[in-house]
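Residue-level structure breakdown
Okay, here's what each chain looks like letter by letter:
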4 protein chains.
Amino acid sequence: MNFRSDNEAPVNPKILQAIVDANNGCEESYGYDSYTLKLQEQMQQLFGCWCDVIPLTTGTAANSLAMALMTPPYGSLFCSENAHMMSDECGAPEFFSAGAKLIGVSGENGKIDIEVLEKTLAGTGVHGEHECLPSAISITQSTEAGTLYSLDEIKQIDEIKQKYGLYLHMDGSRIANAVATMDCSIADLTWKSGVDLLSFGATKNGAMIAEALIIFNPKIGKEIKRMRKRAGHLISKMRFVSAQLLAYLEDDLWLQLANHANQMAQDVYLQLQNTHEFIYPVQANEVFLRLRGDEIEQLQKQGFEFHVWPGSTDIIRLVFSHATKQTDVTKLIAALKI
Amino acid sequence: MNFRSDNEAPVNPKILQAIVDANNGCEESYGYDSYTLKLQEQMQQLFGCWCDVIPLTTGTAANSLAMALMTPPYGSLFCSENAHMMSDECGAPEFFSAGAKLIGVSGENGKIDIEVLEKTLAGTGVHGEHECLPSAISITQSTEAGTLYSLDEIKQIDEIKQKYGLYLHMDGSRIANAVATMDCSIADLTWKSGVDLLSFGATKNGAMIAEALIIFNPKIGKEIKRMRKRAGHLISKMRFVSAQLLAYLEDDLWLQLANHANQMAQDVYLQLQNTHEFIYPVQANEVFLRLRGDEIEQLQKQGFEFHVWPGSTDIIRLVFSHATKQTDVTKLIAALKI
Amino acid sequence: MNFRSDNEAPVNPKILQAIVDANNGCEESYGYDSYTLKLQEQMQQLFGCWCDVIPLTTGTAANSLAMALMTPPYGSLFCSENAHMMSDECGAPEFFSAGAKLIGVSGENGKIDIEVLEKTLAGTGVHGEHECLPSAISITQSTEAGTLYSLDEIKQIDEIKQKYGLYLHMDGSRIANAVATMDCSIADLTWKSGVDLLSFGATKNGAMIAEALIIFNPKIGKEIKRMRKRAGHLISKMRFVSAQLLAYLEDDLWLQLANHANQMAQDVYLQLQNTHEFIYPVQANEVFLRLRGDEIEQLQKQGFEFHVWPGSTDIIRLVFSHATKQTDVTKLIAALKI
Amino acid sequence: MNFRSDNEAPVNPKILQAIVDANNGCEESYGYDSYTLKLQEQMQQLFGCWCDVIPLTTGTAANSLAMALMTPPYGSLFCSENAHMMSDECGAPEFFSAGAKLIGVSGENGKIDIEVLEKTLAGTGVHGEHECLPSAISITQSTEAGTLYSLDEIKQIDEIKQKYGLYLHMDGSRIANAVATMDCSIADLTWKSGVDLLSFGATKNGAMIAEALIIFNPKIGKEIKRMRKRAGHLISKMRFVSAQLLAYLEDDLWLQLANHANQMAQDVYLQLQNTHEFIYPVQANEVFLRLRGDEIEQLQKQGFEFHVWPGSTDIIRLVFSHATKQTDVTKLIAALKI
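Residues numbered from 1 in each chain as written. Chains lettered and ligands numbered in written order. Predicted model: local features only at pLDDT ≥ 70, side-chain atom pairs only at ≥ 80, totals over all residues.

1. Some words on the interface of chain B and chain A
With 41 residues of chain B at the interface, the matching set in chain A holds 41 residues. Residue assignment for the side of chain B that touches chain A shows that the elements contributing at least two residues are α1 (13-22), α3 (59-70), α5 (92-96) and α10 (224-230) of chain B. Residue classes in the side of chain B that touches chain A are distributed as 17 nonpolar, 16 polar and 8 charged. (Contact = placed C-beta atoms within 7 Å. Helix = DSSP H or I, 4+ residues; strand = E, 2+ residues; numbered from the N terminus. Nonpolar A, V, L, I, M, F, W, Y, C, P; charged D, E, K, R; others polar.)

Now the structure itself:
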């Protein structure tokens, strides 16, 4: 019973079928195929605006290309201290941006504290050319802690962005889980709230190997195709990536899948909220729970797989995916209740 | 009738089936799945030696990681003037190696002229620290011109490599086509002839999205996993890449597919050798043919798709793939014969 | 009356004379001149060990080349949150190392807290290839706060370095001020305490344009000359840099000059310690003092030049140099006493 | 008798005196001193236009910062196969530009062949994103072969630059020698002929450690100060660099010095033109001469120092500097005449 990561889940059958169906004779390579062209249209329809859609195979590539688009080598990007870009990408954003700086901003619940962000930015500039040029902000939605920035919070960050002349990136590795919870559209959450670039994740939520970088701001990204190629991320048979994303969008499959994952997490929360300590609000598909060492051991013995959170001995992370079975969750709750 | 590129061909059904079959429950992510582990074994068996197998999604990533492993930022790599690394990767090798230099070596038939290589290397060093450190040689097998380095030629290059203390990389984007033609094993062609690193291609020859970097030299590559991650090339659901490669190797599928493609090219050559000018020897799955402008136009009108070679107006490239139909080739020959 | 920075001070007359004297006919260029060769010997004598001496023109170049020697692109370096490398070099260490990561370690008095360092390092590794490889530690001596690491503290850091297989760098932009205060030799402070690389500063303490990177560890730095050239830091008429450093070392001029600067700082401290709040212990040539806004204004009106510390409104930094006049300091003390 | 390199020559006494005179009390550091401000004005007066003047300490830094300003990481720069940037800077332009590509253009007399350049550029673009973006041209004036681009040639290159939307850089490591020969102003040679960026050399022609990057095109270079800092090239006591350049410009000292060097080269040419083979036209301060092995040996025995040109055994390079003595040249001519 795997609660370790949504990356370990299988592919949704509809998405797999789309791959099979795309294997139909020859198609132009390197992104000039009919699937990729159609994806461009479908995404623009989803977002209700012009956008440039760059299919990719990893979220790290999407985030790092975004970094390179927003931040010159002598620039800096502000993100949560716990952001994936900061601690889990082995310096990929620095690599892609030719050495730009990520500056961690502290905050509660895996989010940037907006006052701290404002204060940090207000303090820049006094060192002149001795200091990197503040260039961008990146937020993760839903966050690495399974929490959400409210629409209002994103708009506050957008104000800061505008005040300091920065770009705003959203790491949407789990954007579907955010939209599934929130009472707003993905357009509201992104470009309508000032987001210039979105890493649109699909792999964690049912795709096989498929992500996309969505460029809303036409001022950046003119040479994104050369940057993608140069990073070795131009897939020759791109139709098989785009086909996944098309199936993912069709009939709101992405939201259905995310909704299921979120629901599983909510079940755990609702059943255990009075008896257990939840480290963060449960707003998407991740649950962080404090347990005793013997409780953790007991769960593991019973075949439940999950991560004891790095740096702790008594916090476990449970991730629920599109493929998590209700029966497994019921067993998990039962095991935890004892 | 597509003779444009083997990148435009579909996926071989056995490989597609392997992807479908791999969609079986949860598997560890990031390359710690059972498919990737098994691939390691299968490749070691194929090569008859220890090697480290790094599944990737593009040949550019394989070549560029190889460059970064072999060549320090202040180093240089010697390759054919026509090498893919030189002209078709938008500077990816420079990017991955943090700015190392590719030095083009001239030669016939898309290959490095071994005497020119030796002479070029003999001339280095006089400028001391003002000059990049010669660090590596890269050869493409089969070449971008559809030709082959003989075993003897590779061994001569290996001698030069040893004399100057360099590494040797083989861009095997179409290595299967080379092995299918040559009377030797892939082991003979690679590590037994001094190759330290091989970009093992599969996508062009029937896979969907699957390549591998094979590291034979245990002295390099200790941190290849961090380098892969940092380049955004660590695929979370890697089983789906490795499953392709496993199917590709099984029962020598890779050689069967390459053999078919090569045979199609040979058919064209054998039928037209007395009447047409072939720019290069036809040794793998590519044919470069000189035609008159009106002949080219005529072919295009009849629905034959191919590239008129950049920089020329009278040279066409025909690429044959694992999926090229004999009937289409027969039609092509007939059309050319008129 | 300039207490703003030792970078604004003039050149010591003996050093200037050495430059004039070096202008004597032709000399080999690019560091193969007699001055640079002699400097190698003099430095080895000073340190009592083999070392490689790389004359440079800025401390940022010395620090950043050190970073590139110690830290691979996928590596990380641990330094104080307040280190010059972290906040005042516009990302130069990241640039030279092709995007490696600097990780700030908190601590008192501008120093790394050794327990925090140990704990931070102990927490690395759990993320495997998703995380940068811990590669180096850098400490500044004297620190950006005008304080000192004791010999014992450096040795504790060395133990951590050894435990985690890292390199240790000392940013000695003001190393002379440290040695002048401490009861030990520069050898004790550096290679005898585990320092692999030293940025040996001279410009702030009386030279015109002269720094040096000192490499104690023969395992790193084999290709430092190519790295220097490639960064545009190979001075053609290098004799004029080396001549400065030779004069700086002669008859312990460097220690005399630093001693004067330190003495000026001590005078201020001794005269005002009972009446004023000193932010950090005064151990070298910098004093950080808390004053009221009107006091600051008053001082400025009287012609005292200094920095109000960025991020504060009530902390001033006073820097004393080899050229600070005793009479100016007496006036400063008098003005502060009122 | 040194004819090896103008880099080995001493400093002109007036420039040395200017350094001594600049050692006058405190001055703001990091380029905000009065000398650097005045230099800005003097250069604008010299060029008769707005320009941004960035004092530096090496020509490699000037060229490489220029490369980084003109050429994005995915871009390419076209220069002579023999350009210093191409072969003598250990990959510095690649480093500063984060891996952009230098493409060598062949030609006679150390210059770009303009037709080859045009043809090369016309052939770009067909590979789309697989190819680097043509971004800049760089020419050296006077060239590494001691020859000159005529005003007309520069204007032809400018036309190509405009046609393809590129930037034009001039490596003026020996620009003074060019201006001293040509019947036009430095303004005519540079911005009036389409040059966007000039590496203005002074060290080879009498300065100690002083070069400047001159930015004529206001569209590029907005963040040049951060780029300089980040490369470790922001000299804290910059007044001592700027003072050299001010003295160099005063009363046309730069032209007088270059004129002397050129005259020495012309003397050799005029005396030996009928008896010796000159490899290139003698237009500045360098002479390339073909000699027999025994002649070379004989010269060396008589105390003449020069380089036998790398790659040859019978070509010597003689460089004449501002400090070359007429008597030494007379002896050289006599020795060659025998």
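On we go.
2. Looking at the relation of the copies chain D and chain A
Between chain D and chain A, which share one sequence, the superposing operator has a rotation angle of 180 degrees and an axial displacement of 0.0 Å; the RMSD is 0.0 Å. The symmetry that links the two subunits is that of a two-fold axis. When C-alpha distances to the rotation axis are compared across chain D, the minimum falls at D:A98, with a value of 3.0 Å. A share of 100% of interface residues in chain D that are also interface residues in chain A marks the association as one of identical surfaces. (Least-squares fit on C-alpha atoms with pLDDT ≥ 70 in both.)

3. Some remarks on the sheet that holds strand β5 (residues 167-172) of chain D
Strand pairing in a sheet is mediated by backbone hydrogen bonds. Such pairs are either parallel or antiparallel. Residues and elements named next belong to chain D. Taken in spatial order, the 7 strands of this open sheet run β1-β7-β6-β5-β4-β2-β3, and their pairing is mixed. Bordering the open sheet on either side are β1 (52-56) and β3 (101-105), each of which pairs with just one other strand. Averaged over neighbouring strand pairs, the angle between their axes works out to 20 degrees when direction is ignored. Bridge count between strand β6 (residues 197-201) and strand β7 (residues 211-215): 5 bridges; the pairing is antiparallel. Each residue of the ladder has a partner; that of L198, found in β7, is I214. (Pairing = 2+ DSSP bridges. Axes fitted to C-alpha atoms, helices over the stretch in contact; angles between N-to-C directions.)

4. Considering the domain arrangement of chain A
Often, the extent of an interface is quoted as the loss of accessible area on bringing the components together. Residues and elements named next belong to chain A. You can read the domains of chain A as domain 1 (13-252) and domain 2 (253-337). Once you take the C-alpha centre of each, domain 1 and domain 2 turn out to be 27 Å apart. Taken residue by residue, the interface counts 24 residues in domain 1 and 19 residues in domain 2. Considering each element in turn, the side of domain 1 that touches domain 2 owes the most residues, 6 residues, to helix α8 (residues 175-181). Residue composition of the side of domain 1 that touches domain 2, grouped by class: 10 nonpolar, 9 polar and 5 charged. (Domains from an automatic or database assignment.)

5. Notes on the packing of α1(B) against helix α11 (residues 239-249) of chain B
Residue and element names in this part refer to chain B. Following both chains from N to C, one finds α1 and α11 inclined at 140 degrees, their axes separated by 8 Å at the closest point. By the angle class used here, α1 and α11 are oblique. Pair α1 / α11 crosses with right-handed handedness. When α1 is examined against α11, the residues K14, I15, A18, I19 and A22 are found in contact with a partner set consisting of R239, F240, A243, Q244, L246, A247 and Y248. In the contact of α1 with α11, the residues fall into 9 nonpolar, 1 polar and 2 charged. (Parallel < 35°, antiparallel > 145°, perpendicular 65-115°, else oblique. Left-handed = near helix turned anticlockwise from the far one by under 90°.)

6. Considering the packing of helix α2 (residues 34-47) of chain C against helix α11 (residues 239-249) of chain C
Residue and element names in this part refer to chain C. Taken N-terminus to C-terminus, the directions of α2 and α11 make an angle of 30 degrees; their axes are 9 Å apart at the nearest point. Considered as vectors, α2 and α11 are oriented roughly parallel to each other. Classified by chirality, the crossing of α11 by α2 is left-handed. Listed contacts from α11 to Y35, T36, K38, L39, Q42 and L46 of α2 are R239, S242, A243, L245, L246 and L249.

7. Overview of helix α1 (residues 13-22) of chain D
Every buried residue belonging to α1(D) is among D:I15, D:L16, D:A18, D:I19 and D:A22, and all of these are buried. Considered in projection along α1(D), the buried side chains sweep an arc of 155 degrees and stay on one side of the axis. Within α1(D), the exposed residues directed more than 90 degrees away from the buried face are D:P13 and D:D21. Residues of α1(D) that are buried sit in contact with α1 (13-22) of chain C together with α2 (34-47) and α11 (239-249) of chain D. (Buried ≥ 20, exposed ≤ 12 C-beta atoms within 10 Å, placed from the backbone. Arc of directions from axis to C-beta.)

8. A short note on the interface of chain D and chain A
Across the contact, 14 residues belong to chain D and 14 residues belong to chain A. A total of 5 residues in the side of chain D that touches chain A trace back to one element, the largest contributor, which is helix α10 (residues 224-230) of chain D. Tallied by class, the residues present in the side of chain D that touches chain A amount to 7 nonpolar, 1 polar and 6 charged.

9. What to know about the relation of the copies chain B and chain A
The transformation that overlays chain B on chain A combines an axial shift of 0.0 Å with a rotation of 180 degrees, and the residual RMSD is 0.0 Å. A share of 100% of interface residues in chain B that are also interface residues in chain A marks the association as one of identical surfaces.

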